[in-house]
Amino acid sequence: RLKTPEIFGYKTQGCRKALCIAGYILSCGLLRLVFYWKPAWDVWANCIPCGLHEADVTLLRTTDEFQIYSRKKVTWISVSALNKFRPDYPIIADENSLINKAIMKPDLKVRCIQVQKIRYVWNNPEKQFQKVGSLEDSHTCSDIHTKFGSGLTREEQDTRRLICGPNAIDVQVLPIWKLLIKEVLNPFYVFQLFSVCLWFAEDYKEYATAIIVMSLLSIALTVYELRMQSLKLHRLVKSHNSVKVTVCRKKEGFQELASCQLVPGDVLALTGDKALMPCDAILIGGGCIVNESVLTGESIPVTKTQLPQADDGRPWRTRCAEDYRRHVLFCGTEVVQTRADGSGPARAVVLRTGFNTAKGDLVRSILYPKPMNFKLYRDALRFLMCLIAFATIGMIYAVCVFALNGEEAGEVVKKALDVITIAVPPALPAALATGIIYTQGRLKKKGIFCISPQRINVCGQLNLICFDKTGTLTEDGLDLWGVIAAEGNSFQKVHRFTSGRSLLWGPVCRAMVSCHSLLVLDGKIQGDPLDLKMFEATNWVKLCFIVVLILGKVPVEGIAVLHQFPFSSALQRMSVIAQEIGGEQQVFMKGAPETVAEFCRPETVPSSFARELQFYAAGGFRVIGLAYKILQAGKEAAGLTREEAESDLTFLGLLIMENRLKAETKPVLEELSAARIRSVMVTGDNIQTAVTVAKNAAMVSQTSQVILVEANELSGSPTASITWKLMEETKPKDYRDLVSASWPASRHEPGVGWSTYHFAMSGKSYQVIAQRFRHLLPKFLINGTIFARMSPAQKSNLVEEFQKLDYIVGMCGDGANDCGALKMAHAGISLSPQEASVASPFTSQTPSIECVPELIRQGRAALVTSFCMFKYMALYSTIQYLGILLLYWQLNSFGNYQFLFQDLAITTLIGATMSLNGAYPKLVPYRPPSQLISPPLLLSVVLNSLFSLCMQVFGFVMVQRQPWYAQHNIHSACGSGNESHVENSTSVAPTGFNGTENAALREGVDNGYRSYENTTVWLLSTMNCLLVALVFSKGKPFRQPVYTNYIFVLLLAVQLGVCIFFVFADNANLYSQMDLVCTPIFWRISMMLMLLVTFAISFVVEEAIIENRALWTLLKRCFRYQSKSLYKRLQRMLEQDSAWPPLNETVFSETRVIPMGESRAAYSNPVFESDATQGDAQDKAAAGPCFKDV
């Protein structure tokens, strides 16, 4: 069950609110801004705690690791104006309806809150907020037919509409001014505004203007992107809100109205025209054919059947079990064909409306994505806090120095605040964003589109990739290889379709002709590719519900399909009732061979069934079972239940389909294996086929053992069993001949692996283990490689379980049945451009898994670039910070143009070009670091800061000891020849900054900054910034070498040339403008030597210590450091456990059952599973998660 957030009730208190308003005024709005960033503080300051029943404000806190607070105001809905209700009668006909429980009498009001587009109303008897907008799950099949089959009254519709809200998936396009304000109130831009105001106060106009321009461009770009995304999403759902529908009203008949007026319980009339479903609805009459590609990614028509009327007291979803989705029409899907029944047109009861629907849930997953827990982003905040603490020390130092020297209070405050803007670089977020933008552009050139740029860095840490099989690892289409008919108690010879011989007419051929879900739409046969290949092999043609032969001779004119029991991945079968024209009625079944055999009379199933099935599955073939029976005369097809039709069948044989590996699959998986990235197969196919594909694709080496894990719930017992056994390795003699044409021989040698065995299990076994053997599940996942017959919900749950073991999980699928897992993974990569993958962070234009290693390469490069930028920006700030504090000792500082050159001409340009390095083409068998607070990175920053401090202090002290140095004469070093441009200014009075700024632009007049210490410290710190950029610009093994970044190298060369020119130019006008003074040639050369020595030491330390992987590995061993990741700890434990795995043993469970997904953390919204016909997340949401008082 999905976790709901904790909810706390609060009541607004007048005196508290008055004090807060006073605080807003006295702080000039700063307190209000803090409350905007921290809504919980706002509630705690303005309100007092109380029970939910009397609260006017609620505070919600997520129960995941993020603990995010959100403030929700309790609102009231009045229903008294609708009609005059009798107080002793229920307002809604259904007495058990939540709406009746929510309406307070006699006031006729409803309390509610809105959470992420979903409305929750206060259930008075149960004292909790519950979701409205859907029918209650407690209704039985009979209830739905009897209570809602004839429609709702007008009064009940109005009441439901008022309380549940309109049936609209409304994504508002926010006005540009709102987006602008929201972006400007970002803490980063608020800090920039503070910095800019301070710089203008200090007459530092040039850089302040440059920052304003860059910030405006950044804000404009962000607002534009947000606006475009909002418009795109608005257009996506716009059509949903403007559909005309026909509704049945009790005692009034059918009426037409806008879809936004639908309410749960309404009865829709579905005509024969194509139409988009505006809501989720349960089909109660007739039949429908629906295109669900919007939700599943597969343009395969799906047949929907009406809900049975049988009443056994169980809720309708429980009664229909996993197959209940075949009765549900999902919002956003297209009804392409309808079939009326005897009582009129096809009819459906509205189940869910608005954002409660399948499409609404998909849209909510985009509007409110799952927060990402990544160490880099967590550490970034800690890193900034450290810089702020560092700046605080500098502020205290500045206040002490200037206050003790008698400076004015205003100047002291400005200089103290200036330290913050120096120690905490305002350009840091922009520099980090630049690297992500470049990587996003490189991915786009490779045909990989990204809608969640912050996940690019996460891709650099991926160490486990889950792959779908069909359409992802193997070719999407299937080729019909052959059919093996069963006769008596044995199989006949294989009929190969490539032989050119037609299949003889008989039960097998009749099953292939009729047992499918193909449809004729717009004159073209459409449907499942497997069904299409099977039908085309018979040389028959389909005409609506009748199929006829176009070539050859058979003793029948055609076959009519009377009734269809559609395919379900949960049931793993489909059946039809068909009748030869002029002949008898027959039932045909097609599905997974093991499932089909269970419905056949034992004497009709060949004794070699299991051996034959394993033989072909081991060859990598897709095997389909066929069965049939002749119906007794007089039985009506429409009156048969599925259980009656699918009983006492005769086994017909096996249909063999060939599914080839994609050419790029094996090389990609070998590359991932060599890079120590686990590959896991998650498929809905047969387990033996999956194992064979895994071996041929090099996911499992040919020398590794595959252990089959089988878990079953014992019938008639509350316990379950689990068995481990080796997959049978013996193959028939002609195995090599059979598969030689299909699978190339694998030459894959055992690469880097975690063990010599791999677990394989089915979805059924996985579910039993997750529920009954929870303590063993992590052990299975450590070596679990093949998961077959997995439903969409199980795929999503598997990804989540891997994440709990501290794996960074990627999921690659073709968009069909994979949406839930794609959204759950750290990095979901969709190979399908369908709308189903709209919430997947990455979409590959080319349906090839080659995008996976490319994404990892680019992610690693982006991650390393982020670390490089963090280190560089930290060092740049530290270097400037240390230089300023040194000069503050003499009440001096850098001049405005000196700051401008460092900030704009050096750092801004380096920040824009350092990230241009491309990704290194080879994936190395280790990942880049994932956190900023790590010993190598911290040591690098600390050591380089010390090197810079030593160099600047050395230069600061040594220049004062030079024989030509004079504190109050800036021309003493170069003689009278250099004094002609400055008259009446032979002395410097560094007694403060008062009145000096306005004189800065007057040539020939000293502005108070010029001194030997200033010149020495500024030149050393400026060139040190350049050299640090070169040292920190990492190349191999994750990025291309620095010399391939031509723009960056050229820029560094030009910048270094300009700095050297400043050192040796001796140009009076230039020096005056840049606040430099002339020094002897010997001292200039000495400064260059200081820089050269510092650069050499920094480079050697960075390469020999910081980047020395072998050294850090040795240190870890010496200090016995071991990874804290849960999967690493489990691996070490299992290596020591000689009894694991217990082969050929059976273990029984305790009686306790743990519901699947009970620990799923998902406050933001329920994860919508990959296809609405198979996923169950939105149905869990429909169960009505509630908020109880905490």
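Each remark here, short or long, concerns the structure printed above.
Since this is a predicted model, take the numbers as computed values, not measurements.

1. Here's the deal with the packing of aromatic side chains
Applying the stated criterion to the full structure yields 31 aromatic pairs. Ring centres 6.3 Å apart and planes at 80° place the aromatic pair Phe-491 and Phe-651 in the edge-to-face group. Taken together, the positions of Phe-491 in strand β22 (residues 490-496) and Phe-651 in strand β31 (residues 650-658) put the pair 160 residues apart, joining distant regions of the chain. With respect to burial, Phe-491 and Phe-651 carry one shared label: buried. Centre to centre, the rings of Phe-615 and Tyr-616 are 4.7 Å apart; their planes meet at 80°, and the pair counts as edge-to-face. Here the aromatic cluster, defined as three or more aromatic residues joined through ring pairs, consists of Trp-724, Tyr-757, Phe-759, Phe-780 and Trp-1140. Over the ring of Trp-122 we find Arg-111, and its NZ or CZ is 5.3 Å from the ring centre. If you follow Lys-871 out to its NZ or CZ, it ends over the ring of Phe-1032, 4.6 Å from the centre.

2. Remarks on the packing of helix α9 (residues 205-238) against helix α30 (residues 896-913)
At a minimum axis separation of 9 Å, α9 and α30 run at an interaxial angle of 30°. In terms of orientation, α9 and α30 fall into the roughly parallel class. On α30, the residues touching Glu-206, Tyr-207, Ala-210 and Met-214 of α9 are Tyr-897, Leu-900, Asp-903, Leu-904 and Thr-908. Tallied by class, the residues present in the contact of α9 with α30 amount to 6 nonpolar, 1 polar and 2 charged.

3. Considering the sheet that holds strand β10 (residues 253-258)
Strands sit in the order β10-β9-β11-β18-β13-β16 across an open sheet of 6 strands; the sheet is antiparallel. Every interior strand has two partners, whereas the edge strands, β10 and β16 (328-329), have only one. With 5 bridges joining them, strand β13 (residues 280-285) and strand β18 (residues 346-352) adopt antiparallel strand pairing. Within β18, the position partnered with Ile-282 by the bridge is Val-349. Of the strands in this sheet, β11 (267-270), β13 and β18 are in contact with helix α5 (residues 141-148), which crosses β13 at around 85°.

4. Observations regarding the nonpolar core
Residues Tyr-872, Met-873, Ile-910, Met-914 and Trp-1018 are the most contacted members of the largest nonpolar core, which totals 89 residues. No other element matches the 19 residues that helix α29 (residues 851-888) contributes to this core. In contact with Tyr-872, other than residues within four places in its own chain, are Ile-906, Thr-907, Ile-910, Met-914, Cys-1025, Val-1028, Ala-1029 and Phe-1032. Grouped together as the second largest cluster of nonpolar side chains are 45 residues, Leu-661, Leu-669, Ile-808 and Ile-829 included.

Parameters and conventions
- Residues numbered from 1 in each chain as written.
- Predicted model: local features only at pLDDT ≥ 70, side-chain atom pairs only at ≥ 80, totals over all residues.
- Heavy atoms only, no water.
- Phe/Tyr/Trp six-rings, centres within 6.5 Å; stacked < 30°, edge-to-face > 60°.
- Helix = DSSP H or I, 4+ residues; strand = E, 2+ residues; numbered from the N terminus.
- Buried < 20%, exposed > 50% of the residue type's maximum accessible area, 1.4 Å probe, protein only.
- Lys NZ or Arg CZ within 6 Å of the ring centre and 35° of its normal.
- Axes fitted to C-alpha atoms, helices over the stretch in contact; angles between N-to-C directions.
- Parallel < 35°, antiparallel > 145°, perpendicular 65-115°, else oblique.
- Contact = heavy atoms within 4.5 Å.
- Nonpolar A, V, L, I, M, F, W, Y, C, P; charged D, E, K, R; others polar.
- Pairing = 2+ DSSP bridges.
- Core = buried A, V, L, I, M, F, W, Y, C linked by side-chain atoms within 4.5 Å.

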